Amino acid sequence: MALNASTQIAHPADQVIATLADRGFAEHLTSLANGTLQDFTVSGDTAGAFTLTTVRAMPTDRVPDIARKFVGASIQVTQVEQWSAPDAAGNRSATVKIDVAGVPVSVSGSEKLTAQGETTEFAIEGKVSSSIPFIGGKLASAAEPYLGKALNLQASQVNAWLSK
């Protein structure tokens, strides 16, 4: 299943990337989903290329029944973003991989920050997949709207965080 979303953030790209790499922002975002931030690591200098790894424990109370059978009351979600250094215009891109512990469902894709002066376009493209025979497609289809909402929430909350 494909995920595609983009939004405008009313702040420059360097502020957006600083927010994405801020532990306080990650804790805020996780708390909005009633989750617990278990690990947050920034590897490298955010002025250049860096890797952001976020591990969250998330409740499954909103997960469809077909998926809940496999995961129980909570799941551990690991998100790894490998960000490029900014180009001359301040644009950045990242490869994104999201894994759900104990469940063969994953997301792979990309994020792009396109600098537009005092605003930034934040675009996300990805694919949800599951390797479970026979029901993997149904499981991926069930997970897609929830993962899509989570990724969209991240983008919208960057704007809210920076507007404080």
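Please refer to the structure higher up on the page.
Residues numbered from 1 in each chain as written. Predicted model: local features only at pLDDT ≥ 70, side-chain atom pairs only at ≥ 80, totals over all residues. Heavy atoms only, no water.

A. Broad picture of the nonpolar core. With 19 residues, the main nonpolar core has Leu20, Trp83 and Phe122 as its most contacted residues. Non-local contacts of leucine 20, meaning those with residues more than four positions away in its chain, are made with Phe25, Phe40, Leu52, Trp83, Phe122, Gln154 and Val158. Ranked by size, the runner-up nonpolar core spans 11 residues in total, among them Leu3, Val77, Val96 and Val128. (Core = buried A, V, L, I, M, F, W, Y, C linked by side-chain atoms within 4.5 Å. Buried < 20%, exposed > 50% of the residue type's maximum accessible area, 1.4 Å probe, protein only. Contact = heavy atoms within 4.5 Å.)

B. Quick look at empty space enclosed by the protein. Applying the stated rule across the entire model yields 2 cavities of 30 Å³ or more. Considering only enclosed or pocket space, the largest cavity measures out at about 60 Å³ in volume. Along the walls of the largest cavity sit Leu20, Phe25, Ala26, Leu29, Phe40, Leu52, Thr54, Arg56, Gln79, Glu81 and Gln154, which together make up its complete lining. Those elements that provide at least two residues to the lining of the largest cavity are helix H2 (23-32), strand E3 (50-59) and strand E4 (74-83). Looking at the lining of the largest cavity, its residues break down into 6 nonpolar, 3 polar and 2 charged. (1 Å grid on protein atoms, 1.4 Å probe; cavity = no way out; pocket = protein on both sides within 12 Å on 5 of 7 lines; lining within 4 Å. Points joined across faces, edges and corners; volume = space filled by probe spheres on them. Helix = DSSP H or I, 4+ residues; strand = E, 2+ residues; numbered from the N terminus. Nonpolar A, V, L, I, M, F, W, Y, C, P; charged D, E, K, R; others polar.)

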